[in-house]
Protein chains: 12
Amino acid sequence: MKIAVIHGPNLRLLGRREPEVYGSATLEEIDDALLELGEELGAAVEIFQSNSEGQLLDHVEELMDRVDGIVINPAAYTHTSVALRDGLAAAGLPFVEVHLSNTSARERFRKHSYLAPMAVGTVQGFGKESYLLGLRGLIAHLKRP
Amino acid sequence: MKIAVIHGPNLRLLGRREPEVYGSATLEEIDDALLELGEELGAAVEIFQSNSEGQLLDHVEELMDRVDGIVINPAAYTHTSVALRDGLAAAGLPFVEVHLSNTSARERFRKHSYLAPMAVGTVQGFGKESYLLGLRGLIAHLKRP
Amino acid sequence: MKIAVIHGPNLRLLGRREPEVYGSATLEEIDDALLELGEELGAAVEIFQSNSEGQLLDHVEELMDRVDGIVINPAAYTHTSVALRDGLAAAGLPFVEVHLSNTSARERFRKHSYLAPMAVGTVQGFGKESYLLGLRGLIAHLKRP
Amino acid sequence: MKIAVIHGPNLRLLGRREPEVYGSATLEEIDDALLELGEELGAAVEIFQSNSEGQLLDHVEELMDRVDGIVINPAAYTHTSVALRDGLAAAGLPFVEVHLSNTSARERFRKHSYLAPMAVGTVQGFGKESYLLGLRGLIAHLKRP
Amino acid sequence: MKIAVIHGPNLRLLGRREPEVYGSATLEEIDDALLELGEELGAAVEIFQSNSEGQLLDHVEELMDRVDGIVINPAAYTHTSVALRDGLAAAGLPFVEVHLSNTSARERFRKHSYLAPMAVGTVQGFGKESYLLGLRGLIAHLKRP
Amino acid sequence: MKIAVIHGPNLRLLGRREPEVYGSATLEEIDDALLELGEELGAAVEIFQSNSEGQLLDHVEELMDRVDGIVINPAAYTHTSVALRDGLAAAGLPFVEVHLSNTSARERFRKHSYLAPMAVGTVQGFGKESYLLGLRGLIAHLKRP
Amino acid sequence: MKIAVIHGPNLRLLGRREPEVYGSATLEEIDDALLELGEELGAAVEIFQSNSEGQLLDHVEELMDRVDGIVINPAAYTHTSVALRDGLAAAGLPFVEVHLSNTSARERFRKHSYLAPMAVGTVQGFGKESYLLGLRGLIAHLKRP
Amino acid sequence: MKIAVIHGPNLRLLGRREPEVYGSATLEEIDDALLELGEELGAAVEIFQSNSEGQLLDHVEELMDRVDGIVINPAAYTHTSVALRDGLAAAGLPFVEVHLSNTSARERFRKHSYLAPMAVGTVQGFGKESYLLGLRGLIAHLKRP
Amino acid sequence: MKIAVIHGPNLRLLGRREPEVYGSATLEEIDDALLELGEELGAAVEIFQSNSEGQLLDHVEELMDRVDGIVINPAAYTHTSVALRDGLAAAGLPFVEVHLSNTSARERFRKHSYLAPMAVGTVQGFGKESYLLGLRGLIAHLKRP
Amino acid sequence: MKIAVIHGPNLRLLGRREPEVYGSATLEEIDDALLELGEELGAAVEIFQSNSEGQLLDHVEELMDRVDGIVINPAAYTHTSVALRDGLAAAGLPFVEVHLSNTSARERFRKHSYLAPMAVGTVQGFGKESYLLGLRGLIAHLKRP
Amino acid sequence: MKIAVIHGPNLRLLGRREPEVYGSATLEEIDDALLELGEELGAAVEIFQSNSEGQLLDHVEELMDRVDGIVINPAAYTHTSVALRDGLAAAGLPFVEVHLSNTSARERFRKHSYLAPMAVGTVQGFGKESYLLGLRGLIAHLKRP
Amino acid sequence: MKIAVIHGPNLRLLGRREPEVYGSATLEEIDDALLELGEELGAAVEIFQSNSEGQLLDHVEELMDRVDGIVINPAAYTHTSVALRDGLAAAGLPFVEVHLSNTSARERFRKHSYLAPMAVGTVQGFGKESYLLGLRGLIAHLKRP
């Protein structure tokens, strides 16, 4: 089983950036925890980050024939990117949407996600743990008969 | 560590009720899995179900001094119950909101949750697994220093 | 053929309560007329009333394996109860929504029904007669090949 | 007692047109059933159909001094015709609005009726039976002291 | 100077129809007063009424090369007819919109007029007098250098 | 018969101010024409202008026992002054709302008038002539038996 | 004179629950103060609390023939319960709506009350004092000739 | 303790103006009752009325260093005056908003108050009594430790 | 292959009517070009125009068994006619919606089309060419295996 | 070159009033800085403040023939005064809108300005500096060929 | 004559991606057909695709002085990219917007196009044919005198 | 003191692009003026332009530890980029938003800025001068004790 993890825009600053909102874990710590959990659950995990909507689309396109599912934190593009929604729909891969913060407790415009209706499920509000729960959820979904 | 799980209205029918939406697991199967995972993670889990908003409020009130956190599937009351929001806020306990189905892929009125802004986090769309991920997430949150 | 009739909140006061809006028939008179018409049309009719959303849900759950269809006047819960909608959908029974008054001629918030999109049909505005027309309509629906 | 039945636009195609939405009864079958039920209930029934809003208005105007009430299926004009609302209000005759399909389960724009607030009551979702229930409801209304 | 007066739908019933809303003058009395005032002000007045949007459009088209301006009471079509707006714009004749009743004191949907933004001006609320003021206003407009 | 005319804010600049919107007549010319027409129709006309909402309210209060009706061009206060609406309602005098320009052909916020629902009627779009038509309309209204 | 006081959901926790929002008075202290003030003003006061919408409705129904008026703090049901509105309207008793906190300074959804338009008046924002002012206001209202 | 009472626009007409909405008490009677109650409760009360938003602002500015709190009936300015909101916020004095009528039972635009979110609390619907309850509420608030 | 072309209201004036919006081609020129292109592409083209919504519906009904598809310029009825939408759906023929002008660059109410969601496709903004492209598109659609 | 500076309502309290929102500079300090900068840039600056919308309008009217442009802080009237918009448009003078605070970071109703669309430009959020930047911007605009 | 064709995001997957929505033609087949039709109509066609909004903008900028017009399928950026709208407006080239699917029959957010109001015209719903019709339309537009 | 200036999408065309909207200054002229003013005010200014949202984010990330503040003209991304808002928030640098044109006088969608609530302040409508005023404003802000 192969799983791709995708980090959306502005996530390279994690740990330094507004820790009261996003927690103090760095992106590296999250990546390490994901690789470790993947190994534990028998899934090969590969990870990608980009600030560019276009590069994220290119990457999703490439993944299409290579992985079984995607865990994605679309960050700010959650609320604005129809292209990402269409790209994920085009790739036809099951994906899980995760967020570090509880977006429903923040600005009103963060309540809407273009991606969520196409997702298997969503996990949000648990900081770094959101990614791990999302990975577990996706693997459970893929293993369901 | 003590965790309460609360099932909202109409969940006794799980497994029989619209399996294409809610999955084929029964409430008993979910409860068993929760007790087992609780044990594994070192948390005592107690479980309650009611169709009545008032009884749910009474129950939350009682839990106030007895548990460390709540995993709640508020079901239909998610979208209509200011009282449940206020009751959970009054109890002052950290809680996680879970949903069997991916509510963002359903009717428009299911996109709004009165509870989510008060929650630690939310998990939805993974069927029975949503509860287990929610329990994991809550315990991770409670263990955070 | 077995038909359940359900009266929602505040209907015990019928006949005494705002007769210019709801007519002068009492709930007993309506029940008698329903039982009589049921007999005439060859259907066993049973009747239930509650002011409590939770009890209404419990009752719908119980009816699930016992009757062929439901005539329901959800009264005020028409406009606010996602739980009743979900409960009726879960029960999987055909149901007809009836109202004594013409709700489209009243306050704006009465124009929306959470239940109507799941119903076979709706009848409103004919006072006591709304129930009888609803019962006729449901039986005709159940007899359709 | 004299009752006029009015069929709005596009109803000549009934039975041929989208039977999954409107049922398989033809307009002739509906008319026959209405005449028969009228006779049974002691009311002379006359019937009119037009695709033209203007002709419908002309017809309502003519009926003004000739009948005791109207059963109308305004079809698409339900949602767009202020003129029909005003014409019926001007005629000052009690009328009942009927629909073959359950309009609340269809497109959003079908949830609004310009006519319903002026009606005695409405019946919808029972196919051909909607007309018959509407006729019964109107006659019951006219016989009420 | 030649002026056309156009009466929209449901106006043949004037005087009989809801006099508390529309006043007690009949359409004939209004027409007589218009012809008389036209004569007094040196304008030939011709008058047309139809319940049909299509016939109103046909008539406006015909007037195009024959008159200097139009006084129109579009009645219910005020709020729903983009076609009448387009027809009057196409004819390119200055027109005045008049209403017997004060539409801003009635239902919310009567506050919007598709025609008013294309009109020279509007007069409403003065009953029969609205037409006479509208005619005076149009003639004053046409005489302006 | 005594009629008060009230000019709202910014009207002292008439003739100088945006003539393509408001016409080239000055306030003096309008006042002269109103006095003359009043005389012709047998009504004593008095005129007041203020830029201040408070002074307009004080003035309406004073007029209460002195005149039979009011012609008012509320100008910008049309769209924002609940106080003027309440003041006119409190005075209990019939009033006519007039506008130089056709407000429905201008910015969206000019489509709403707080005063119009309380008015006898409104006249707009005829420039200086709007006042004269409004005065005629008010007098006709006052003379109606 | 007999007055019923009704406390809505989640109010048993008063004093313990979010004191910065609801103040530090307990429900017992409020009840004592109400009984005392009732005595002072010559009114017998009885008090009821429930978390259940259905029980609140049952209680209002019972009060119908027993008391002269109601002081109610509908708490969260203020914003969601059409049933409570209908129940109070059905009981036909004058009632006063009170709130401990200033609801207009809180979340947007707290600005709407289904009950307020049916009330004699409302008092909010004064903590425990809101109840006492509400009781005074109701008694003054009942004594008005 | 010094308390200022402020009456907003159109209140000089009280008692004469629409008594079915505002009651039959005159402003003088209200003022007398306020002075008397102030004396009884040990507070010096001073009173001001103006129809002008600007004068009301000037007055609030002056009060800033002279009184301990304000009871204000902003009347129509409730719904339109951001300036009054800002002026009261600038003065930094606790204030109570009162209304003679129950504004939530009137036009839709009266449901919004720019001032209420800045107020200690609000009282409405009790006629003259609203002022007295408001004064009591403010004094109780000021005496709270 | 047989194709019907339908021109909606106000199109007889083409070429004379607002050429800056609709271009300078007359309806006759458009019809000639359509017949010619039909011949070139091997399709028999028949053409109909009416200002009346009812006649357009009658015509669509008649076409039902006679043609393979429809090119329609619904003009103003695009935005207001649910009846035309329903008539075309009832006829069950593939149709293409065309507009002379670019409706998305005009008034806001022109952005909504009741017909477009039922159409094969739409073409707009190319003047006379819109019809020709629409005809090409429809024929290509009909030829698709 | 002559420039008028206008301060809107509640600005006399600057420095004392909510310094965390509006900064600690007093109105006198701002005025001094404006006069000094005017001198430096070769423009005569005159300054006016009023709490009254009417006086502000009177003042704008007077300025019409006397100055080359206006720097205005409309304060609360920004969001509510159509009259000020119309007055500035009538005066026909170029003007710059300035705000001490960053209004887009405050309440939702502060996001709308009636004046801004008529302005040369706007400057906000820089405290006292906003006026100085606004003055620079206006002078640069006036000097542009 | 030189025409640029621009394919927006996610279009490289055409033919593989959701063929029930977008048809079975690949991007290569579309490009071949465009080149062929261009040759037939005497226009040199060049083609560009990118998933990146920024690269699309760079490309439009480059085209500015090199081509006579653009056929663009903005795909998902249709609904979200103000930048593309501004880029096309800045380039000042006539352009035609095309879509493979009928966007008005899909999700609500696809009904709005930021580009369409700036376009010559739009073509949608014809699959691969949409591009060809768009190219024909653009060339016809460019040849118009 | 180090200041970064960022130009958003489509700004390379300045001077050539719609000069009636954006003025005739080229980007080079603006950059020269900024460098010169920076020198005059004692601040080192560095400048960056990109059409790509992703590159703008990358650049903001890099600036984080290198400059004291940012002057940004986000152009079209103002209205659509949550990512830019989040990137600037993450960088934690004070920034000023500038616009060449007065965006409040343009299309409705330009009235909303995702960035403005996070900014120190905004300057718009002064053409090239907007940048210079923004730079002055930022430096004044940074120098404030």
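As a reminder, the structure under discussion sits directly above these lines.
The rules we used
Every chain is numbered on its own, with residues counted from 1 as its sequence reads. Each chain gets a letter, beginning with A, and each ligand a number, beginning with 1, in the order they are written. In view of the model being predicted, local features appear only for residues whose pLDDT reaches at least 70, and side-chain atom pairs are presented and counted only at 80 or more, with totals across whole chains, interfaces and linings using the full set of residues. Where side-chain values are given, they derive from all heavy atoms of the structure, hydrogens and water being excluded. For this overlay, a least-squares fit was computed on C-alpha atoms, restricted to residues scoring pLDDT of at least 70 in both copies. Here is the rule: rings of Phe, Tyr and Trp (six-membered ring for Trp) pair when centre to centre is within 6.5 Å. Planes less than 30 degrees apart are stacked, more than 60 are edge-to-face, and the remainder are tilted. A run of H or I in DSSP counts as a helix once it spans at least four residues, and a run of E counts as a strand once it spans at least two, with each numbered from the N terminus. Partly exposed residues are those whose accessible area sits between 20% and 50% of the maximum for their type, while under 20% is buried and over 50% is exposed, using a 1.4 Å probe and protein chains only. Contact definition: two residues touch when any of their heavy atoms are within 4.5 Å. A 1.4 Å probe defines the accessible area here, and the buried area is the portion of it lost by two parts on being joined, summed over both. Here the nonpolar group is Ala, Val, Leu, Ile, Met, Phe, Trp, Tyr, Cys and Pro; Asp, Glu, Lys and Arg are the charged ones; every other residue, Gly included, is treated as polar. If DSSP finds at least two bridges between two strands, the strands pair. For helices, the fitted axis covers only the stretch in contact; all axes are lines through C-alpha atoms, and the angles between them, taken along N-to-C directions, range from 0 to 180 degrees.

Enquirer: Can you tell me about the relation of the copies chain E and chain F, naming the residues and giving the values?
Expert: Between the two copies, chain E and chain F, the superposition gives an RMSD of 0.0 Å; the rotation angle is 180 degrees and the shift along the axis is 0.0 Å. Such a combination of rotation and displacement between the chain copies is what one expects of a two-fold axis. It is E:Val123 whose C-alpha, among those of chain E, lies nearest the rotation axis, at 2.3 Å.

Enquirer: Give me the packing of aromatic side chains: which residues, what numbers.
Expert: Applying the stated criterion across every chain, the model contains 12 aromatic pairs over all chains. Measuring from centroid to centroid gives 5.0 Å for C:Phe109 and G:Tyr114, while their planes differ by 75 degrees, and the two rings are edge-to-face. Taken together, the positions of C:Phe109 in the loop between β4 (95-99) and β5 (121-124) and G:Tyr114 in the loop between β4 (95-99) and β5 (121-124) put the pair across two chains. In this structure, C:Phe109 and G:Tyr114 share a single accessibility class: buried.

Enquirer: Describe the interface of chain A and chain B, listing the residues and the values that go with them.
Expert: Between chain A and chain B, the contact holds 23 residues from the first and 23 residues from the second. Buried area between chain A and chain B, both sides added, is near 1,700 Å², and the carbon and sulfur share of it is 56%. The three residues of chain A that bury the most area against chain B are A:Thr122, A:Phe126 and A:Arg136, which together make up 29% of that side's buried surface. Elements supplying a minimum of two residues to the side of chain A that touches chain B: β5 (121-124) and α5 (128-143) of chain A. Here the side of chain A that touches chain B is composed, by residue class, of 11 nonpolar, eight polar and four charged. Inspection of the sheet shows β5(A) paired to strand β5 (residues 121-124) of chain B by three bridges, in the antiparallel sense. Looking at β5(B), one finds that A:Thr122 is bridged to B:Gln124.

Enquirer: Could you give me a rundown of the sheet that holds β5(G), with the residues and numbers involved?
Expert: Strand order in the open sheet formed by 10 strands is β2(G)-β1(G)-β3(G)-β4(G)-β5(G)-β5(H)-β4(H)-β3(H)-β1(H)-β2(H), and the pairing between neighbours is mixed. If you trace the sheet from one side to the other, it starts and ends with β2 (44-49) of chain G together with β2 (44-49) of chain H, each paired once. The sheet shows a mean angle of 20 degrees between the axes of neighbouring strands, direction not considered. Pairing analysis gives three bridges linking strand β3 (residues 69-73) of chain H to strand β4 (residues 95-99) of chain H, with the strands arranged parallel. What sits directly across from H:Ile72, in β4(H), is H:Glu97. Contacts from helix α6 (residues 128-143) of chain G reach β1 (2-7), β2, β3 (69-73), β4 and β5 of chain G within the one sheet, and its direction differs from that of β3(G) by about 160 degrees.

Nothing here speaks to function; it is geometry throughout.
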